[in-house]
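Here are the chains, one letter per residue:
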Amino acid sequence: MSAPTAHRWRLVAPWYRWERRDGAEPGRKDGAARPALHKYTSTAYVADFLADPQRSVTFGDVDQYQEIETIPHEPLPTDPRKRRRFLSATRLRPSGVRKLFPIAHQRHYVVAVGLHCDEPGFPRVDPADVAEAGFVVRRQRAAIPAGQEKKAAELLAAVTAAQAGERRAELAAARDRARRLHPFGAARDAVRSPSAAAAAARRDLEAARRELRVWASAVGVDRRTEAWVDAGDGDFGQWVPIDDEPAELIERRYPLRLLTAPAADPDHAAREGTIYWGTVPASSAEVSRDGSARFTELGTYEIRAFARTRGCGGCPGPLVWSAASEPYRLASFHDPDGCSQRPVEIRLPDFAQLEASGATPSVRMSSPPGSSFEFTEDGKVPTSGGVREKGEVCFFALPLITIVAMLVLKIFLPLVTLIFGLFWMLKLKFCIPPSAELEAGVQAQLTVIEGGIQASIEADVDVDVDVRVNQPALETALRTGLDNSRPGALGTKLTADYTNDPLCELLARQGYGVAEGEPFPVFGTAPEHTTPVRRDEVVHP
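Predicted, not measured: the structure shown is a model, and the values here were computed from it.

(A) Spatial organisation of the overall build of the protein. From N to C terminus, the protein includes 11 helices and 20 strands. Looking at the protein as a whole, 34% of its 541 residues are labelled buried. Here the contacts in the protein between residues at least 6 apart in sequence split such that 73% fall between residues at least 24 apart. In the structure as shown, the protein presents an accessible area of about 31,700 Å², 55% of it carried by carbon and sulfur atoms.

Here it is as structure tokens:
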């Protein structure tokens, strides 16, 4: 029997991810010829994939890497104080690049490929002819020559500014089209300027991108693909340039396993194709010699699968490589979207229980000699020389450490927020208040501002911020909490700088306006899943 002809193999997406004959889900066409990523929200994701690989969680906007853009300051025309309409000066927008979350965010990923013969009919490869199958994770990098970093930053800033200008122009054009459709709109001859501005903004964006490309070509920006090569010493390794399809494997690889159809499932996807799968590493303990981690949120990565035939006489056959998967970036551990996908509850200690308890402190803290401060009896902080020469061992109760940490947080949060004007930080704090009135904690944070708030409650209050918010209750909280006509009024800072919209948004995020008995925010909403198809409903790439 002759050896298989490996050069006629193709590694593509599994057949259930190919382009549909009816033209539905047009995004399938772009991903049909490359490894397919499957997303799961359960720790039993391997069992879920093996049972039905067609059923996985769909990727949405939250699964795109977010870029930061500046919100243009456009005050309301009728506001003489030109107050800000947004609490934050920046916002996030999807970049179009896939984002993968780590396990800590309760997200798991599987990569799958189908192995076929590149012949008429696109037949499946017999698994008995496959000696090895696996995949590698590579990094995409644009190496900027030394001394060109400042110019690169300037050109990127110009592209970002042009993108923001394009969106503003498109928004103006959309508003103008809406006015045109209105029966009492402006004159017809006054509607051409927004469209012309949008076209000019698109030209500016293309010019900025062209300038960036010309500069990159002129200074020799090296766009390269790098592979992770083990250093042979524990978890140490390094990124090195590599060809897309090397003849030999020198880089860190991960195994791909053959997907087998259960005997009791006649409709299983594995019955229609030779499919291999593996789990995607979204984190790693591997580091380079300079201490940098192998995977970070700053890198852009891709997956390439490979298969090797069984050669003659037991010798390994040649490698066959897949195309690169869609590029992706990794979410940081502190990613807000990721953290909200796996909420954590920490119950603070019960003061009454602690007062009545006689338990021995359970946290032992020891300090080496010369590393422990020696405090005076009056509690004053020691000056230089006030260090114990002998080691010190102290026992603390864990609830005491928690209480002090929470106390420090409550003290410094309002100080940092108010002194530096970082009011957007209040969006990161959500409290469920006992009533619709402003709780004492929020009032304490805002009364530090000198002068009291002069709320513009004579104007209409816009509280249309979220469908889950009880609008009347939120309006009551806004009017009573920001009204300076009663004792204990709050400061002037917020309403002097912001319109009612961001104030309502802040109150809603703090929990005011929550309907009785309704939790807000809501975690763990039911995910959407991919649509299953039959083999005769798709077309091979």
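There is more to say, and it comes next.
(B) Structural detail: the packing of aromatic side chains. For the structure shown, the criterion picks out 11 aromatic pairs. Both rings, one in Phe49 and one in Trp277, keep their centres 5.6 Å apart while their planes meet at 45°; by these two values the pair is tilted. Of this pair, Phe49 sits in helix H2 (residues 45-51) while Trp277 sits in strand S12 (residues 275-279), and the two are 228 residues apart along the sequence. Taken as a pair, Phe49 and Trp277 share a single burial class, namely buried. With a centroid separation of 5.2 Å and an interplanar angle of 20°, the aromatic rings of Phe135 and Tyr254 are classed as stacked. You can see Phe135 sitting in strand S7 (residues 130-143) and its partner Tyr254 sitting in strand S10 (residues 254-255), a full 119 residues away along the chain.

(C) The pattern of salt bridges, seen in detail. Counted by the stated rule, this structure contains 21 salt bridges. Its salt-bridge partner being Arg20, residue Asp22 comes within 3.0 Å of it at the nearest N-O pair. Residue classification places Asp22 among the exposed residues on the basis of a relative accessible area of 54%.

(D) Summary view of unusual backbone geometry. Although it is not a glycine, Glu25 adopts a positive phi angle of roughly 50°. As for its placement among the helices and strands, Glu25 is situated in the loop between strand S2 (19-20) and helix H1 (28-31). With relative accessibility at 35%, the residue Glu25 sits in the partly exposed group. Positioned with a positive phi, Phe122 is a non-glycine residue whose angle comes to about 50°. If you trace the backbone, Phe122 turns up in the loop between strand S6 (108-117) and S7.

(E) View of the confidence of the model for the protein. With 68% of its residues at a pLDDT of at least 70, the protein reaches an overall mean of 76. Of the regions scoring below 50 in pLDDT, residues 486-492 engages in 26 contacts with residues more than four places distant in sequence or in other chains.

(F) Fine view of the side chain of Lys99. Among the secondary structure elements, Lys99 is positioned in strand S5 (residues 90-100). Judged by its relative accessible area of 2%, Lys99 falls in the buried class. Reaching out from Lys99, the side chain makes a polar contact with the side chain of Asp335 at a distance of 3.1 Å.

(G) Broad picture of the side chain of His116. By secondary structure assignment, the location of His116 is in strand S6. A relative accessible area of 3% means that His116 is categorised as buried. Looking at His116, its side chain comes within polar contact range of the main-chain oxygen of Phe122, at 3.2 Å. Not counting the four nearest positions on each side in its chain, His116 is found in contact with Arg8, Trp9, Arg10, Val12, Trp18, Phe122, Pro123, Arg124 and Val125.

(H) Here's a closer look at the environment of Glu74. Structurally, Glu74 can be placed in the loop between strand S4 (64-70) and S5. Spatially, the C-alpha atoms of Glu74 and Arg85 are 7.7 Å apart, while their sequence positions differ by 11 residues.

(I) Focus on the environment of Glu211. By the element assignment, Glu211 lies in helix H4 (residues 192-219). Looking at Glu211, the relative accessible area reads 43%, which means it is partly exposed. Between the C-alpha atom of Glu211 and that of Val159, which follows or precedes it by 52 residues, the distance is 9.2 Å. Apart from the residues lying within four places of it in its own chain, the contact partners of Glu211 are Lys151 and Leu155.

Cut-offs applied
Residues numbered from 1 in each chain as written. Predicted model: local features only at pLDDT ≥ 70, side-chain atom pairs only at ≥ 80, totals over all residues. Heavy atoms only, no water. Helix = DSSP H or I, 4+ residues; strand = E, 2+ residues; numbered from the N terminus. Buried < 20%, exposed > 50% of the residue type's maximum accessible area, 1.4 Å probe, protein only. Contact = heavy atoms within 4.5 Å. Areas by Shrake-Rupley, 256 points an atom, 1.4 Å probe, with all protein chains shown as cover. Phe/Tyr/Trp six-rings, centres within 6.5 Å; stacked < 30°, edge-to-face > 60°. Salt bridge = Lys/Arg side-chain N within 4 Å of Asp/Glu carboxyl O. pLDDT = per-residue confidence, 0-100. Polar contact = N/O pair within 3.5 Å; in protein donor to acceptor, adjacent residues only side chain to side chain.

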